[in-house]
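# Remarks on the overall topology
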Amino acid sequence: MIVASIDIGSNTVLLLIAKLELDSQPFLIPIANYYRIPRISKEIDANGIIQDAAVNRLIDVLREYAIIIKNHKCEKVVVTGTFALRIAANSSAILQKVKELFGWDVIIISGDEEAKLSFLGAAFPFQNDKFINVIDIGGGSTEIICGNREKILYKKSFNIGVVTLTEKFIDKYTLKLDYYLMEEYVKNFLKLDSLKVFKSSAKTLAVAGTPTTLSAIKQNLRVHIESKIEGSTLTINDIISIVETLKDLTPKEIKNKFGEVVNGREDVLLTGAIILKSSMNLLRIQKIYVSTRGLRYGTIIKYFLGIDVTKVG
């Protein structure tokens, strides 16, 4: 069975086409991954309204994805929405428009559910009894999770992400971020109330665009090559070094320096790197493994296979 999973985030909209082979291992076989960056959370107004231009960008991406899904003859499609659609006052109208145009019901998931699904997608290939840490840095929120396939010890969704933080701390005239003020803000925001349950010795996976792009930069890749990024490592010193480079560059200079691999992220990459560095410092983690999996994989595992992490705490 061929299925599709669409993850509508604050910054990106991701599509996974996968084959389910229920009688074999691995039973979830990725066929194709696509990502676009319509940034629907950009300049959500004071009334919490996602702007018409952002809605139009989203619809354009979904229209493109609908063609891809049809060409792959997908039998089922699941669509999830995260932070931007959780908080937007006009979410219902956007969901209705998506339903009318494409026939898809968008599932708006809570921060806790987002954490669970991201963990499930990233950690599921590992053995049941092995504890895994997952850090998922999104456009509007950041999830930190610790657990295994049977039980989650800790999960929390923090309402800070690469887009929301960038818009909060960017200088509109110079396009430079107030680096030191933002770093202090992130440190204070990410204080973990249950740090004692976190297993710093466990393998830590980082998912989403920030770690994958930082890995590409470390490897001098100017385009995204999934086979080289999946399973690669980043140390805290790697991230500190990249942050030191990024903080002195404008978005245009970042794009010129690192090439296509930063397209659409050149103005939020420093923010994401600071969130990742702060998370690792707080969790006393020296090295992370980069995962190209995450929410859209966890969505397939839960909604199509009926598998979930049922025990929490």
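### Quick look at the overall build of the protein chain
- The secondary structure content of the protein chain amounts to twelve helices and twelve strands.
- Counting only residues that meet the buried cut, the protein chain has 54% of its 313 residues in that class.
- For the protein chain, restricting intrachain contacts to residue pairs at least 6 apart in sequence, the fraction spanning at least 24 positions comes to 71%.

### What to know about the environment of Leu190
- Counting through the fold element by element, Leu190 comes out in the loop between α6 (179–189) and β9 (203–207).
- Exposure remark for Leu190: the relative accessible area of 0% places this residue in the buried category.
- Those residues in contact with Leu190 that lie beyond four places of it in its chain are Phe158, Ile160, Ile275, Ser278, Ser279 and Leu282.

### Points about the pattern of salt bridges
- Evaluated as defined, the whole model comprises eleven salt bridges.
- Between Asp105 and Lys99 there is a salt bridge, with its nearest N and O atoms 3.3 Å apart.
- Among the residues examined, Asp105 registers a relative accessible area of 53% and is labelled exposed.
- Given a relative accessible area of 34%, Lys99 falls into the partly exposed group.

### With respect to the confidence of the model for the protein chain
- Scored by pLDDT, the protein chain has a mean of 85; 88% of the residues are at 70 or more.
- The weakest mean pLDDT in the protein chain belongs to strand β12 (residues 311–312) at 43; the strongest belongs to helix α3 (residues 91–102) at 96.

### Observations regarding the environment of Glu113
- Relative to the helices and strands, Glu113 is located in helix α4 (residues 111–123).
- A relative accessible area of 14% places Glu113 in the buried class.
- Glu113 has contacts with Lys302 and Tyr303, leaving out every residue within four places of it along the chain.

### Observations regarding α6
- If you check which residues of α6 are buried, you get Tyr179, Met182, Glu183 and Val186. For α6, the angular spread of buried residues about the axis comes to 100°, placing them on one side.
- For α6, the secondary structure elements touched by its buried residues are α5 (162–169), α9 (236–246) and α11 (269–283).

### Brief notes about the packing of α6 against α11
- Contact geometry for α6 and α11: axes closest at 10 Å, N-to-C directions at 40°. Here α11 runs oblique to α6, going by the angle between their axes. Relative to α11, the crossing made by α6 is right-handed. Of the residues in α11, those touching α6 at Tyr179, Met182, Glu183, Val186 and Lys187 are Leu270, Thr271, Ile274, Ile275, Lys277, Ser278 and Leu282.
- Looking at the contact of α6 with α11 residue by residue, the classes come out as seven nonpolar, two polar and three charged.

### What about the sheet that holds strand β5 (residues 106–108)?
- Pairing is mixed across the open sheet formed by five strands, whose spatial order is β3-β2-β1-β4-β5. Of all the strands in the sheet, just β3 (28–36) and β5 have a single pairing partner and so form its edges. Along the sheet, successive strands turn relative to each other by an average axial angle of 20°, direction set aside.
- The pairing of strand β1 (residues 2–8) with strand β2 (residues 13–20) spans seven bridges and is antiparallel. Note on β2: the bridge partner recorded for Val3 is Ala18.

### A closer look at the pairing of β2
- Most of β2 is tucked away, with seven of its eight residues classed as buried.
- Remark: four residues form the turn of the hairpin made by β1 and β2, two consecutive strands paired antiparallel.
- Pairing geometry for β2 and β3, over eight bridges, is antiparallel. Among the inter-strand pairings, Val13 is bridged to a residue of β3, identified as Arg36.

### Thoughts on the pairing of strand β7 (residues 142–147)
- Most of β7 sits out of view: six of its six residues are buried.
- Where strand β6 (residues 132–137) lies against β7, six bridges are found, and the strand directions are antiparallel. Bridge pairing links Ile135 to Ile144 in β7.
- Between β6 and β7, which pair antiparallel one after the other, the connecting turn spans four residues.
- Across six bridges, β7 lies against strand β8 (residues 151–158) in antiparallel orientation. The partner of Ile145 across the bridge, within β8, is Lys155.

Calculation rules
- Residues numbered from 1 in each chain as written.
- Predicted model: local features only at pLDDT ≥ 70, side-chain atom pairs only at ≥ 80, totals over all residues.
- Heavy atoms only, no water.
- Helix = DSSP H or I, 4+ residues; strand = E, 2+ residues; numbered from the N terminus.
- Buried < 20%, exposed > 50% of the residue type's maximum accessible area, 1.4 Å probe, protein only.
- Contact = heavy atoms within 4.5 Å.
- Salt bridge = Lys/Arg side-chain N within 4 Å of Asp/Glu carboxyl O.
- pLDDT = per-residue confidence, 0-100.
- Arc of directions from axis to C-beta.
- Axes fitted to C-alpha atoms, helices over the stretch in contact; angles between N-to-C directions.
- Parallel < 35°, antiparallel > 145°, perpendicular 65-115°, else oblique.
- Left-handed = near helix turned anticlockwise from the far one by under 90°.
- Nonpolar A, V, L, I, M, F, W, Y, C, P; charged D, E, K, R; others polar.
- Pairing = 2+ DSSP bridges.

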